[in-house]
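# Commentary on secondary and tertiary structure
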Amino acid sequence: MSQLFQIHPENPQKRLIQQAVDIIRKGGVIVYPTDCAYALGCHLGDKSALDKIKRIRKLDDKHNFTLVCRDLSEIGTYAKVDNQMYRLLKAHTPGAYTFILKATAEVPRRLLHPKRRAIGLRIPDNKIVQALLEELDEPIMSTSLIMPGDTEPLTDPYEIRDLLQHELDLVIDGGYCGMAATTVISLMEDHPEIIRIGAGDTANFE
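Residues numbered from 1 in each chain as written. Predicted model: local features only at pLDDT ≥ 70, side-chain atom pairs only at ≥ 80, totals over all residues. Heavy atoms only, no water.

What follows covers the overall build of the protein chain. Counting its secondary structure elements, the protein chain contains six helices and 10 strands. On C-alpha atoms alone, the protein chain measures out to a radius of gyration of 16 Å, which is about the 17 Å that the 2.2 N^0.38 rule sets for 206 residues. Along the longest, intermediate and shortest principal axes, the C-alpha atoms of the protein chain span 45 × 35 × 30 Å. Buried positions account for 53% of the 206 residues belonging to the protein chain. Look at the contacts in the protein chain between residues 6 or more apart in sequence, and 66% of them connect residues 24 or more apart. (Helix = DSSP H or I, 4+ residues; strand = E, 2+ residues; numbered from the N terminus. Rg over C-alpha atoms; globule rule 2.2 N^0.38 Å. Buried < 20%, exposed > 50% of the residue type's maximum accessible area, 1.4 Å probe, protein only. Contact = heavy atoms within 4.5 Å.)

Put into structure tokens, the structure is as follows:
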């Protein structure tokens, strides 16, 4: 049965953050709040945890996973970013955006789209996530918690735990964090391309 931690959304308890990160490092699959909705997450290098997330959501190999990063310096490790892209990213992070970028060799092949060396990267504006990333000291491999057949993410951590208690190692209750998806912007070509309109404002990308 999965554990459930109640973590304060403004002042995350360090002891619980440390325990949550320990679960991630040991190969656990967690549900955690972001600035848009609850998400599934695991350690970047853990294949079995990634496979479990794929089973929960019934995802195929074409699904674009997202690396949730602490800041722009971390993004530079996992994606190829020129000066123009950097300025654009700096202006819109942290925030409710997922950016599709060309991946570096640091990204495990199993996280990439099979036909494109692309990876989704985001920096959420959420204190619980930032505390997790600070303690973990590397990105969290992540995807939205949208169940097969649904169009919107699950929003109630207690309902999530009841539904997936045998699949998850931890559910973090960080309060209500919305149910809107991120706005997805591709930076694979010369000009930004809006892939999905979500919570982030698209005015500067059109």
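Now that the structure has been shown, we can carry on.
Before going further, it helps to examine the pattern of salt bridges. The tally for this structure, following the rule as stated, stands at nine salt bridges. Put simply, Asp 51 and Lys 47 hold a salt bridge, and the shortest N to O gap is 2.8 Å. Residue Asp 51 and its partner Lys 47 are both found in helix α2 (residues 47–57); the two are separated by four residues, about one turn of the helix. On the basis of relative accessible area, Asp 51 is assigned to the partly exposed category, the value being 25%. Note on Lys 47: relative accessible area 47%, which makes it partly exposed. (Salt bridge = Lys/Arg side-chain N within 4 Å of Asp/Glu carboxyl O.)

Taken as a whole, the largest pocket encloses approximately 540 Å³ of empty space. Surrounding the largest pocket, 28 residues form its lining, Thr 66, Ser 144, Thr 182, Val 184 and Arg 196 being those nearest its centre. Looking at the lining of the largest pocket, the elements with two or more residues in it are β3 (38–43), β4 (66–68), β5 (97–102), β6 (118–122), β7 (140–144), β9 (183–186) and β10 (193–196). Among the elements that take part in the lining of the largest pocket, β7 stands out by supplying three residues, more than any other. Approximately 230 Å³ is the volume attributed to the second largest pocket. (1 Å grid on protein atoms, 1.4 Å probe; cavity = no way out; pocket = protein on both sides within 12 Å on 5 of 7 lines; lining within 4 Å. Points joined across faces, edges and corners; volume = space filled by probe spheres on them.)

On to the side chain of Thr 183. Looking at the element boundaries, Thr 183 is found in strand β9. With relative accessibility at 0%, the residue Thr 183 sits in the buried group. Among all residues touching Thr 183, those that are not within four sequence positions of it are Ala 96, Tyr 97, Thr 98, Arg 196, Ile 197, Gly 198, Ala 199, Gly 200 and Thr 202.

With that out of the way, let us pick up the pairing of strand β8 (residues 170–173). A two-sided burial pattern is seen for β8, the buried positions comprising Leu 170 and Ile 172 on one face and Val 171 and Asp 173 on the other. Relative to β8, strand β1 (residues 3–6) is paired through four bridges, and the arrangement is parallel. Opposite Gln 3, over in β8, you have Leu 170 as the bridge partner. One ladder, built from two bridges, connects strand β2 (residues 30–33) with β8; its direction is parallel. Among the inter-strand pairings, Ile 30 is bridged to a residue of β8, identified as Leu 170. (Pairing = 2+ DSSP bridges.)

Taken in spatial order, the 10 strands line up as β1-β8-β2-β3-β7-β4-β6-β5-β9-β10 in an open sheet, and their pairing is mixed. The open sheet is flanked by β1 and β10, the only strands paired with a single partner. Within the sheet, the average angular offset between the axes of one strand and its neighbour, ignoring direction, is 35 degrees. Bridge analysis of β5 against β6 gives four bridges, and the strand direction is antiparallel. What sits directly across from Phe 99, in β6, is Leu 121. Running over the sheet, helix α1 (residues 14–25) touches β1, β2, β3, β7 and β8 and is turned about 145 degrees from β1. Packing of helix α5 (residues 127–136) onto the sheet brings it into contact with β2, β3, β4, β7 and β8, and relative to β2 it is tilted by some 130 degrees. (Axes fitted to C-alpha atoms, helices over the stretch in contact; angles between N-to-C directions.)

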